[in-house]
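Residue-level listing of the chains:
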2 protein chains.
Amino acid sequence: MTSDFSQYTLGYDIPALPGMKVEEVQTPALIVDLDAFDHNLLKMRDEIAKYGVRHRAHCKMHKSAEIAKLQMEQGHACGVCCQKVSEAETLARAGITDIMVSNEVCDPYKIDRLAQLPKLGVRILVCTDNLPNIAALSEAAVKQGTELEVLVELDCGGSRCGVADSAAVLELATAIIAAPNLRFAGIQSYQGAAQHAYEYADRKALMDTAITITKDAVDLLESKEIHCDIVGGGGTGSYPFEAASGVFNELQCGSYLFMDADYRRVKDKDGQYLPAFEHALFLLTSIMSTDIDGQAVCDAGLKAHSIDTGPPEVFERPDLQSLDYSDEHGVLKDPQNTLKINDKIKLVPGHCDPTCNLHDWYVGVRGGVVETLWHVTARGKFY
Amino acid sequence: MTSDFSQYTLGYDIPALPGMKVEEVQTPALIVDLDAFDHNLLKMRDEIAKYGVRHRAHCKMHKSAEIAKLQMEQGHACGVCCQKVSEAETLARAGITDIMVSNEVCDPYKIDRLAQLPKLGVRILVCTDNLPNIAALSEAAVKQGTELEVLVELDCGGSRCGVADSAAVLELATAIIAAPNLRFAGIQSYQGAAQHAYEYADRKALMDTAITITKDAVDLLESKEIHCDIVGGGGTGSYPFEAASGVFNELQCGSYLFMDADYRRVKDKDGQYLPAFEHALFLLTSIMSTDIDGQAVCDAGLKAHSIDTGPPEVFERPDLQSLDYSDEHGVLKDPQNTLKINDKIKLVPGHCDPTCNLHDWYVGVRGGVVETLWHVTARGKFY
């Protein structure tokens, strides 16, 4: 995995170059512990083999075509998910050939762009939750002379998008089957609220309901001889439930690859963290001011990480406490005044998805040395 | 102000093209109401004329070289501020000739890059709060054969960076004056905590203290015949205090130009919002699901706006309420079920600075038509 980075200027548009020591990386920068990354990648490969389900890796988290390829080639993912047409375009242009937009696409221009993508030799799947949308998808596919595979999104408890019940699933599936240039692909049933329910009992209750709702819809379709190629859902916090349900056949995990501070709070039934995934993503930051006793200021603020699920955690430094973040600064409590200017520390981001979207590069590190850089290919692709 | 946008693909890497109707803009997108923008730009020009102070416009908010030029040419700003070396590089390459990094620069490689910038014919100013940093700045300027202008940052109550008192200011000013290739430029004294103190009395108390601390330092330097060319500070929430103080001579406002939901909460002594700045920045978003009664889902999530100061407000739609935001979705309460799929609404971002940094473009709109697009030139430049 060697690339040419000569077109980039260090410190202006790239934070590091292969061969540099981690201490020389320009901060703030996202670094990936490649040993932990490999562990997580192969752990999920083993998990899907154990449960006998497919994994359609969710790229909304990392937004990197290079990482998506690793998930398919080494992690045995059957394809990828993303949330936006411009993400799908980015992934298709980078050579990914099996892409689901696990979201509704409603804007006419976006639908037209989506319908063009199969011309690149890419299998394109998309979700829907209403009849006029099915008509619009069909019209665009006919116009472009392509085929779109369409899943009905079912609201299994997340209360966001998706139809309310099995009867509505049947109605929409029937419409998809009847619509020119569309192919019915199955049911999308993602319980977002279950992912971050920290306690096992709460998560189990949400997932029991979600699985019951989903099974009812699958059964109703089967009774009408409509087969679901895909019954998809599941994230890092909930996937063992979907995988063991006998109802779902495709998982859509994303965060397992990097992990974040919030997912570390999700516990299994023994009160331990559920799956054996490791923190692989860190925000490397440098100390830039120590004038106040018991405090150090670092160079990572709100433009370098998202605090929507709380502040980041300081990695393996229990003597330090993450206090406050403004646009370009982070304030750390350092009671023993151990930090000095230009010292580097590693923060575990509170929430990996919106944090990754702030960066253009992942700096892959092994043994304290930069081994590679991966581009955040779909950074800012939210159209 | 006409540019060539033909290198960009609509909906992939640019959200709109000049001449489009606002309803056709690909969402989520930041749109700028150009009438409100012009009002804010000229209002600040009038404010600095009224108070007889300079304005060094803070580009950390908008990160756009095109907007920085408008602030200097039409808004009579004397120069600009930014927070990072890579921002300064971006602005210098775009032709801005008077740039202050209103922050400490400590990393040796970053210092070296900063010391190269005057070779582009740019006046470069930077802040410091410790003696070893002054030595490092001097060494780099000598090596590059350039001059850096250096301000001592004083902690006037923000408890972040900056020296603690006037004696330390004098010590550092003396060191700057003695250091080869450095020029002492004055004092940086920014009270960040005062900007968002909503109540006038709270803000006044913070600013009274800040001004007293700053005046003491200026007076001590004057007593030693050390003159401050610049006594800089002030933001959109506090600037009338600095401007009227007789101590400060350069303001550093940023948010006045766009305004956000949080700044709208800052009140003057009559309980009204302080200065007559208008909301000029909006996040345009499209409705993408309405399956749940009393609720609509829009396509603007955490990757399109920052909620660190709270959720965005729905502009001029009191019937709608901003509820919850996940990575790619926003959930709105719509009790009367008025919203339909593909309807567009305008959100006022909770906090403009980290929101702007998520986007590559501002879509300038007047009379419902896209007039121009401005590039967020320094988006992601946090090195």
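Just so we're clear, the structure is a prediction, and the values are computed from it rather than from any experiment. Residue positions are given per chain, counted from 1 along the sequence in the order it is written. Working convention: letters from A go to chains and numbers from 1 go to ligands, in the order in which they are written. pLDDT decides what is reported in this predicted model: residues at 70 or higher carry local features, side-chain atom pairs at 80 or more are listed and counted, and totals for whole chains, interfaces and linings draw on all residues regardless. As a convention, hydrogens and water are excluded, and side-chain values are obtained from all of the structure's heavy atoms.

**Focus: the overall build of chain A**
Phase 1: Each helix is a run of DSSP H or I of at least 4 residues and each strand a run of E of at least 2, with the numbering of both proceeding from the N terminus. Looking only at helices and strands, chain A features 10 helices and 17 strands.
Phase 2: Compactness check: chain A gives a C-alpha radius of gyration of 22 Å against a globular reference of 21 Å for 383 residues, within 12% of the reference.
Phase 3: Counting only C-alpha atoms, chain A reaches 70 × 50 × 35 Å along its principal axes.
Phase 4: Only protein chains enter the accessibility calculation, which uses a 1.4 Å probe; a residue whose area is less than 20% of its type maximum is buried, one above 50% is exposed, and one in between is partly exposed. A burial count over chain A gives 62% of its 383 residues as buried.
Phase 5: Here the analysis covers contacts within chain A between residues at least 6 apart in sequence; of these, 68% occur between residues at least 24 apart.
Phase 6: Exposure was quantified through the Shrake-Rupley algorithm and a 1.4 Å probe, taking into account, for residues, occlusion by the shown protein chains and nothing else. Accessible area for chain A stands at about 13,100 Å²; split by element, carbon and sulfur atoms hold 50% of it.
Phase 7: In chain A, 35 side chains carry a positive charge and 55 a negative one; their mean positions are 2 Å apart. The globule rule used for comparison is 2.2 Å times the number of residues to the exponent 0.38, while the radius of gyration itself is calculated over C-alpha atoms. What makes two residues a contact is simply this: any of their non-hydrogen atoms within 4.5 Å. A residue counts as positive if it is Lys or Arg and as negative if it is Asp or Glu; His and the chain ends are not included. Where a charge lies is defined by one atom per residue type: Lys uses NZ, Arg uses CZ, Asp uses CG and Glu uses CD.

**Description of the interface of chain A and chain B**
Phase 1: In this assembly, 65 residues from chain A lie in contact with 65 residues from chain B.
Phase 2: Where chain A abuts chain B, roughly 5,800 Å² becomes buried across the two surfaces, and 50% of that area is made up of carbon and sulfur atoms.
Phase 3: Throughout, the accessible surface (probe 1.4 Å) given up by two parts as they are put together, summed over both, is called the buried area. Its largest share of buried area at the contact with chain B, chain A owes to A:Tyr12, A:Arg160 and A:Tyr383, together 14% of the area lost on that side.
Phase 4: What counts as a salt bridge is simple: a side-chain nitrogen of Lys or Arg found within 4 Å of a carboxyl oxygen of Asp or Glu. The interface formed by chain A and chain B contains 6 salt bridges.
Phase 5: Two residues, B:Lys110 and A:Asp299, come together in a salt bridge whose shortest N-O distance is 3.6 Å.

**Examining the relation of the copies chain A and chain B**
Phase 1: Once chain A has been moved 0.0 Å along the axis and rotated by 180°, it coincides with chain B to within an RMSD of 0.0 Å. Given the turn and translation reported, the copies of this chain are related as if by a two-fold rotation axis.
Phase 2: The fraction of interface residues of chain A whose copies in chain B are also interface residues reaches 100%, indicating that both copies meet through the same surface. When the copies are overlaid, the least-squares fit takes in C-alpha atoms only where the residue has pLDDT of at least 70 in both copies.

**Side note on the domain arrangement of chain A**
Where interface size is quoted, it is often the accessible area lost as the parts come together.
Residue and element names in this part refer to chain A.
Phase 1: For chain A, the domain assignment lists domain 1 (22-32 + 276-375) and domain 2 (34-261).
Phase 2: Delimitation of the domains relies on an automatic or database domain assignment. One C-alpha centre belongs to domain 1, the other to domain 2, and the line joining them spans 32 Å.
Phase 3: Across the domain 1/domain 2 interface, buried area totals approximately 2,300 Å², and carbon plus sulfur atoms make up 61% of it.
Phase 4: When the buried area of domain 1 at its contact with domain 2 is split by residue, Phe-277, Arg-366 and Trp-374 rank highest and sum to 32% of it.
Phase 5: The interface formed by domain 1 and domain 2 includes 3 salt bridges.
Phase 6: Polar contacts here mean pairs of N or O atoms no more than 3.5 Å apart (in protein, one a potential hydrogen donor and the other a potential acceptor; neighbouring residues in sequence count only if both atoms are side-chain atoms). Summed over the shared surface of domain 1 and domain 2, the number is 14 residue pairs in polar contact (both at pLDDT 80 or more).
Phase 7: Broken down by secondary-structure element, the contributors of at least two residues to the side of domain 1 that touches domain 2 are α10 (352-356), β16 (361-366) and β17 (369-375).
Phase 8: Taken together, the residues of the side of domain 1 that touches domain 2 break down into 13 nonpolar, 6 polar and 5 charged. Gly is put with the polar residues, along with every residue not named as nonpolar or charged; the nonpolar set is Ala, Val, Leu, Ile, Met, Phe, Trp, Tyr, Cys and Pro, and the charged set is Asp, Glu, Lys and Arg.

**Some points on the packing of aromatic side chains**
Phase 1: To pair, rings of Phe, Tyr and Trp, with the six-membered ring standing in for Trp, must have centres within 6.5 Å; the planes then decide the type, stacked if under 30 degrees apart, edge-to-face if over 60, and tilted in the middle. Summed over all chains, the structure comprises 20 aromatic pairs over all chains.
Phase 2: Aromatic pair A:Phe282 and A:Phe315: ring centres 4.5 Å apart, planes at 55°, arrangement tilted. On the criterion of sequence distance, the pair formed by A:Phe282 in strand β10 (residues 281-289) and A:Phe315 in the loop between β12 (313-314) and β13 (321-325) is long-range, its members being 33 residues apart.
Phase 3: Plain terms: the ring middles of A:Phe382 and A:Tyr383 are 5.3 Å apart, the flat faces sit at 85° to each other, and that makes the pair edge-to-face. Judged on exposure class, the residue A:Phe382 and its partner A:Tyr383 are both buried.
Phase 4: Here a set of aromatic residues connected by ring pairs shows up, and it is made of A:Phe37, A:Phe258, A:Tyr362 and A:Trp374.
Phase 5: In this analysis the charged atom, NZ for Lys or CZ for Arg, is taken to sit over a ring once it is within 6 Å of the ring centre and within 35 degrees of the ring normal. Its guanidinium or amino end placed over the ring of A:Phe282, A:Lys346 lies 4.4 Å from that ring's centre, counting from NZ or CZ.
Phase 6: Positioned over the ring face of A:Tyr12 is B:Lys381, at 3.9 Å from the centre of the ring.

**Examining the side chain of B:Lys60**
Phase 1: Structurally, the position occupied by B:Lys60 is in the loop between β2 (54-58) and α2 (65-73).
Phase 2: Exposure remark for B:Lys60: the relative accessible area of 15% places this residue in the buried category.
Phase 3: A distance of 2.7 Å separates the side chain of B:Lys60 from the side chain of A:Asp327, its partner in a polar contact.
Phase 4: Setting aside chain neighbours within four positions, we find B:Lys60 in contact with A:Lys303, A:Asp327, A:Glu328, B:Cys81, B:Gln83, B:Glu87 and B:Asp353.

**Things to note about the packing of helix α4 (residues 108-116) of chain A against helix α5 (residues 131-144) of chain A**
The geometry of a pair of packed helices is captured by two quantities: the angle between their axes and the separation between those axes.
Residue and element names in this part refer to chain A.
Phase 1: Geometry is summarised by axes, namely lines fitted to C-alpha atoms with helices restricted to the contacting stretch, and by angles between N-to-C directions that run from 0 to 180 degrees. Across the interface, α4 lies against α5 with an axial gap of 9 Å and an inter-helix angle of 50°. In terms of axis orientation, α4 runs oblique to α5. Between α4 and α5 lies a crossing whose hand is right-handed. Residues Ile-111, Asp-112, Ala-115 and Gln-116 of α4 lie in contact with α5, whose contacting residues are Asn-133, Ala-136, Leu-137, Ala-140, Ala-141, Lys-143 and Gln-144.
Phase 2: A breakdown of the residues in the contact of α4 with α5 according to their chemical character gives 6 nonpolar, 3 polar and 2 charged. Here is the rule for angles: anything less than 35 degrees is roughly parallel, anything more than 145 is roughly antiparallel, 65 through 115 is roughly perpendicular, and the remaining ranges are oblique. Crossing handedness: left-handed means the near helix sits turned counterclockwise from the far one by under a right angle, and right-handed means the same turn made clockwise.

**Structural notes on the environment of B:Asp262**
Phase 1: Structurally, B:Asp262 can be placed in the loop between β9 (250-251) and β10 (281-289).
Phase 2: Along the backbone, B:Asp262 and B:His196 are 66 residues apart, and their C-alpha atoms lie at a distance of 7.5 Å.

**Brief notes about helix α6 (residues 166-178) of chain B**
All names here are of chain B.
Phase 1: The span you would expect from a helix comes to 1.5 Å times its residue count less one. Taking 1.5 Å per residue as the helical rise, α6 with its 13 residues ought to reach 18 Å, and the 18 Å between its terminal C-alpha atoms agrees with that figure.
Phase 2: For α6, the set of buried residues is Ser-166, Ala-168, Val-169, Leu-170, Leu-172, Ala-173 and Ile-176.
Phase 3: Buried residues in α6 make contact with β5 (123-128), α5 (131-144), β6 (148-153), β7 (182-188) and α8 (200-223).

**Looking at the UniProt feature "domain: D-serine dehydratase-like" (unreviewed entry) in chain A**
Phase 1: UniProt positions are given in the numbering used here, feature names are shortened, and annotations may be inferred rather than shown by experiment. Feature annotation in UniProt places "domain: D-serine dehydratase-like" (unreviewed entry) on residues 280-366 of chain A, given in this structure's numbering.
Phase 2: Overall, residues 280-366 of chain A shows 6% helix and 40% strand. The separation of its end C-alpha atoms is 11 Å.

**Comments concerning unusual backbone geometry**
Residues and elements named next belong to chain A.
Phase 1: Geometrically, the link from Thr-27 to Pro-28 is a cis peptide bond, its omega value of -5° lying close to zero.
Phase 2: On the secondary structure map, Pro-28 appears in the segment before β1 (29-33).
Phase 3: With a phi close to 65°, Met-259 is a non-glycine residue in the positive phi region.
Phase 4: Overall, Met-259 belongs to the buried group, its relative accessible area being 0%.

**Observations regarding the environment of B:Val370**
Residue and element names in this part refer to chain B.
Phase 1: Topologically, Val-370 is positioned in strand β17 (residues 369-375).
Phase 2: The class for Val-370 is buried, based on a relative accessible area of 2%.
Phase 3: Residues Val-370 and Ile-176, spaced 194 residues apart in sequence, show a C-alpha to C-alpha distance of 49 Å.
Phase 4: Leave out the neighbours within four places in its chain, and Val-370 touches Ala-16, Leu-17, Pro-18, Gly-19, Met-20, Val-25, Val-363, Gly-364 and Val-365.

**A short note on the pairing of strand β15 (residues 344-348) of chain A**
Residue and element names in this part refer to chain A.
Phase 1: Pairing of β10 with β15 involves 4 bridges; the strand directions are antiparallel. Following the sheet pairing, Ser-286 is matched in β15 by Lys-344.
Phase 2: For two strands to pair, DSSP has to find at least two bridges joining them. By the bridge criterion, 2 bridges tie β12 to β15 in an arrangement that is antiparallel. Each bridged residue has a counterpart across the sheet, and for Glu-313 the counterpart in β15 is Val-348.

**Remarks on the pattern of salt bridges**
Residue and element names in this part refer to chain B.
Phase 1: All chains considered together, the criterion is met by 56 salt bridges over all chains.
Phase 2: One salt bridge in this structure joins Lys-204 and Asp-208, with 2.8 Å as the shortest N-O distance. Of this pair, Lys-204 and Asp-208 are both found in helix α8, 4 residues apart, which corresponds to roughly one turn of the helix.
Phase 3: Judged by relative accessible area, which is 34%, Lys-204 ranks as partly exposed.
Phase 4: Ionic pairing is found between Glu-313 and Arg-265, a salt bridge with its closest N-O pair at 3.7 Å. In this pair, Glu-313 is assigned in strand β12 (residues 313-314) and Arg-265 in the loop between β9 and β10, connecting sequence segments 48 residues apart.

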